[in-house]
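# Examination of the molecular architecture
As a plain string of letters, each chain reads:
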Amino acid sequence: MIRNWLLSWPRGAKRILQLCADLILVWFSLWLAFVIRIGWDDTCKHILDYKWLFIVAPIIAFPIFIKLGMYRAVMRFIGKEALTAIAKAVTISALVLALVIYWYRDVPATVPRSLVFNYWWLSLLFIGGLRLVMRHYFLGDWLEVVHGPFYSNGGGRAFPRVAVYGAGAAGNQLVTALRMGRMMEPVAFVDDNEDITEATIAGLKVYRPEQLQEMIDGTKATQLLLAIPSATRSRRQEILAMLAPYPLHVRTIPGFMDLASGRVKVQDLQEVDIADLLGRDPVAPHQALFDRCIRSKSVMVTGAGGSIGSELCRQILVSGATRLILFEHSEFNLYSITTELQRHIAREGLVIELIPILGSIRNPVRLFEVMETWEVETVYHAAAYKHVPIVETNTTEGVLNNLFGTLHTAQSAVKAGVENFVLISTDKAVRPTNVMGATKRLAELVLQALSSEKEVPLFGEGGKVFENNTRFTMVRFGNVLGSSGSVIPLFRKQIQDGGPVTVTHPEITRYFMTIPEAAELVIQAGSLGEGGDVFVLDMGEPVKIADLAEKMINLTGLTVKSDKNPVGDIAIKFTGLRPGEKLYEELLIGDDVIDTEHEMIMRANESMISWKELGDLLAKLDAAVKAENCAIIRDLLLRYVAGYKPQGDIVDHLYAKKHID
């Protein structure tokens, strides 16, 4: 392919080729200027009398062309600035040529006065026009219908035909990048701006959103790319809802500058952010709340390699902490988050001490030694087992990690004199139907009880009393998008595999929030507490999982296969609720909730039990766990966790096996 062969030339060779082409065009423009002025016959008869002009014209023109940068511009990226430079260079060279003609008195033949004017506009036409023609040729957007010897799409392969939503600056940049990347064929714009609808921009017709079906029928577009970087999430949600009924694979784009410069390829287009389906616009953080527990402090995050823990670390890193301790039991997760943060520190030149610690929250000695050694002032406790079915079938491990792990971390904080302790809780702790939710509610009760004691005999310390100066707060919220085990990546994988998409129940709903938003609100909520507070994040409206699955299928350009549409592409299969799973999640046990200074954070007044009573419960649970007696564990959870209603028999694998045997 000639195009690729030319592009492979070294820079110097390309410049020589341009110089040669411009020399021919200068001579041709000058010759044609004579033809226009004196006619074909007279030009052929007297052209030798003017040969000196054909020597002088390029001698004048090329130094000016070079000086004004005509050979520095890259042909594929030539724009109005380069065309302006060409116009200046040609105009100046024509004026200088006119002066030379005026000064040179001993000419063999009189030069017609209109010759220079004709030479000027012909040079503009040919020299500027050649660059525009070559620009479009190298972009490959105007010869597609010809399929001549200068164009190939690589083995006759048809490009996906795409429409671009948004005909503004971003949309135009995207179309340029698509044409340059030659992986997709832009065929239309879609825009709701009535001032430009029905217009033609960059050679593409602009359709109104109401004309989507007409656009699809007329252009055969199969994909639609969102180029609306300034749109809010709520506006994106409206657009996606409008697009859902149409057979278009909807995607969005990375940074436009990366696309235009070639640093990111067009095939790196991203699937629509699921957060856009929720329509939740982010709320700017209250900086004073954000800084209170972090700035100039030594901060520790447990579960630092998890979904929430890692995002907490990212935000703490850039918030002015002097030291960040990553406490994580998974070696791979610890390596991953440490490597990422170290790169960020080096890139941004941050002044912070980063300390990765491999350890388990079930090891109280190591927890205390870490907090004491690095004088930890704030702890964000994100370490927990969170997958409901897995914890349900591994009951004792759930109790050991979620309850006793939190107990060990909190007691170590008291002993080490930690100022602030923030527990990451869950909506599944409210009237739980599963072991995971019940153990998280017990973890909340531990912190509530500790907060009520200024002098506290810690559990497992032989009755030794410690002064308690730690401020404990708990933050409760629902599911986060994109976390490990989330339905979103599962649905995407199932859609890519051709289905079916599995949903447990047609009516199941969940609250959703993005990971960055959740981490941001957790940090701010932790600064609001006075001690023993349970904070609840505003999760918006619950989302029906079946509707979410349907939207994800539609946004890939496919249709749902159902009784109403038996010829659809992807079926939704309902598999039944899993052990311990609820149809609906809640955020409050009682109805007593108070607003805070942050519009997205509420304070819940929840019931609690005394530290002494809790100590009795902990001793009984400890004995039951050591005996692997899940029946006693369930009885204790039923007695102490408000609203706990297990849905079936005990399904712990080890207990069930022993019980059956």
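Quick caveat, the model's predicted, so the values are computed rather than measured.

### Things to note about the overall build of the protein chain
- When you go through the protein chain residue by residue, the secondary structure sums to 24 helices and 25 strands.
- Here the protein chain, with 661 residues, has 50% of them falling under the buried criterion.
- As presented, the protein chain carries roughly 30,600 Å² of accessible surface, and 57% of it is formed by carbon and sulfur atoms.

### Looking at the sheet that holds strand β25 (residues 601-604)
- In spatial order, the strands read β10-β9-β8-β11-β12-β15-β20-β25-β24; together these nine strands make up an open sheet with mixed pairing. Only two strands of the sheet have a single neighbouring strand rather than two, namely β10 (353-358) and β24 (593-595). Averaged over all pairs of adjacent strands, the angle between their axes in this sheet comes to 25°, without regard to strand direction.
- The sheet contacts of helix α20 (residues 515-528) involve β11 (378-381), β12 (420-424), β15 (471-476), β20 (533-537) and β25, and relative to β15 the element is tilted by about 145°.

### Topic: the environment of methionine 436
- Secondary-structure assignment places methionine 436 in helix α18 (residues 435-451).
- In this structure, the C-alpha to C-alpha distance between methionine 436 and isoleucine 390, residues 46 residues apart in sequence, is 8.9 Å.
- Ignoring anything within four residues of it in the chain, the contact list for methionine 436 reads Tyr385, Lys386, Val388, Val391, Asn402, Thr426 and Lys428.

### Here's the deal with the packing of aromatic side chains
- All told, the structure shown has seven aromatic pairs when counted by the stated rule.
- A centroid spacing of 6.5 Å and a plane angle of 20° characterise the contact between phenylalanine 34 and phenylalanine 54, whose relative ring orientation is stacked. With phenylalanine 34 in helix α2 (residues 11-38) and phenylalanine 54 in helix α4 (residues 51-67), this pair connects stretches of sequence that are 20 residues apart.
- Owing to a relative accessible area of 1%, phenylalanine 34 belongs among the buried residues under this scheme.

### Some thoughts on the packing of helix α17 (residues 395-416) against α18
- In the contact formed by α17 and α18, the axes pass within 9 Å of each other and the chain directions differ by 20°. With respect to α18, the element α17 is oriented roughly parallel. Every pair of crossing elements has a handedness; the one defined by α17 and α18 is right-handed. Only Val435, Met436, Thr439, Lys440, Leu442, Ala443, Val446, Leu447 and Leu450 of α18 make contact with α17, whose side of the interface consists of Thr395, Gly398, Val399, Asn402, Leu403, Thr406, Leu407 and Ala410.

### What to know about the sheet that holds strand β23 (residues 570-574)
- The strand order across the open sheet built from three strands is β17-β23-β22, with neighbouring strands paired in parallel fashion. In this open sheet, the two strands that pair with only one neighbour each are β17 (501-503) and β22 (560-561).
- Direction of pairing for β22 relative to β23: parallel, over a ladder of two bridges. Bridge assignment links lysine 561 to a residue of β23, and that residue is alanine 571.
- The sheet contacts of helix α19 (residues 487-496) involve β17 and β23, and relative to β17 the element is tilted by about 145°.

### Remarks on the confidence of the model for the protein chain
- Across the protein chain, the average pLDDT comes to 84, with 87% of residues at or above 70.
- Ignoring residues within four places in sequence, the model shows residues 142-156, a span with pLDDT below 50, making 20 contacts including any to other chains.

### With respect to the pattern of salt bridges
- All told, the structure shown has 22 salt bridges when counted by the stated rule.
- Glutamate 311 serves as the salt-bridge partner of arginine 314, at 3.1 Å between the closest nitrogen and oxygen. Placement of the pair is arginine 314 and glutamate 311 together in helix α13 (residues 307-317), with a separation of three residues, close to one helical turn.
- Owing to a relative accessible area of 11%, glutamate 311 belongs among the buried residues under this scheme.
- One salt bridge in this structure joins arginine 603 and aspartate 533, with 2.9 Å as the shortest N-O distance. Linking arginine 603 in strand β25 with aspartate 533 in strand β20, this pair joins segments that are 70 residues apart in sequence.
- On the accessibility criterion, arginine 603 (17% relative accessible area) is buried.
- On the basis of relative accessibility, which here comes to 8%, the residue aspartate 533 falls in the buried class.
- A cluster of three or more residues bridged by salt bridges with shared partners is formed by Arg441, Glu444, Arg476 and Glu606.

### Things to note about α4
- Taking 1.5 Å per residue, 17 residues should reach 24 Å; α4 reaches 26 Å between its end C-alpha atoms and fits that length.
- A positive backbone phi angle near 80° is found at glycine 69, which sits one or two residues after α4.

### Here we look at the packing of α2 against α4
- Between α2 and α4, whose axes approach to 10 Å, the crossing angle comes to 135°. Of the possible angle classes, the one that applies to α2 and α4 is oblique. Pair α2 / α4 crosses with right-handed handedness. Every residue of α4 that contacts α2 at Leu19, Asp22, Leu23, Val26, Trp27, Leu30, Trp31 and Phe34 is listed here: Leu53, Phe54, Ala57, Pro58, Phe62 and Phe65.
- The residue makeup of the contact of α2 with α4, split by class, is 13 nonpolar, no polar and one charged.

### Quick look at helix α23 (residues 630-640)
- Among the residues making up α23, those that are buried are Cys630, Ile633, Arg634, Leu636, Leu637 and Tyr640. Seen from one end, α23 has its buried residues packed into an arc of 165°, which puts them on one side.
- Looking at where α23 begins, the residue whose side-chain oxygen comes 3.2 Å from the main-chain nitrogen of alanine 631 is asparagine 629.

### Considering the pairing of strand β1 (residues 161-165)
- Counting buried positions along β1 gives four out of five residues, so the element sits mostly inside the fold.
- The pairing of β1 with strand β2 (residues 185-190) spans five bridges and is parallel. Paired with valine 162 across the strands is proline 186, a residue of β2.

### Some thoughts on the pairing of β12
- For β12, the buried fraction is high: five of the five residues fall into the buried class.
- Taking every second residue as pointing to the same face, both faces of β12 are buried, with Asn420, Val422 and Ile424 on one and Phe421 and Leu423 on the other.
- Here β11 pairs with β12 via four bridges, running parallel. Within β12, the residue paired with histidine 381 across the bridge is leucine 423.

### A word on the side chain of histidine 408
- The topology assignment puts histidine 408 in helix α17.
- Ignoring any residue separated from it by four or fewer positions in sequence, one finds histidine 408 in contact with Ile361, Arg362, Pro364 and Leu367.

Conventions used here
Residues numbered from 1 in each chain as written. Predicted model: local features only at pLDDT ≥ 70, side-chain atom pairs only at ≥ 80, totals over all residues. Heavy atoms only, no water. Helix = DSSP H or I, 4+ residues; strand = E, 2+ residues; numbered from the N terminus. Buried < 20%, exposed > 50% of the residue type's maximum accessible area, 1.4 Å probe, protein only. Areas by Shrake-Rupley, 256 points an atom, 1.4 Å probe, with all protein chains shown as cover. Pairing = 2+ DSSP bridges. Axes fitted to C-alpha atoms, helices over the stretch in contact; angles between N-to-C directions. Contact = heavy atoms within 4.5 Å. Phe/Tyr/Trp six-rings, centres within 6.5 Å; stacked < 30°, edge-to-face > 60°. Parallel < 35°, antiparallel > 145°, perpendicular 65-115°, else oblique. Left-handed = near helix turned anticlockwise from the far one by under 90°. pLDDT = per-residue confidence, 0-100. Salt bridge = Lys/Arg side-chain N within 4 Å of Asp/Glu carboxyl O. Expected span 1.5 Å × (residues − 1). Nonpolar A, V, L, I, M, F, W, Y, C, P; charged D, E, K, R; others polar. Arc of directions from axis to C-beta. Polar contact = N/O pair within 3.5 Å; in protein donor to acceptor, adjacent residues only side chain to side chain.

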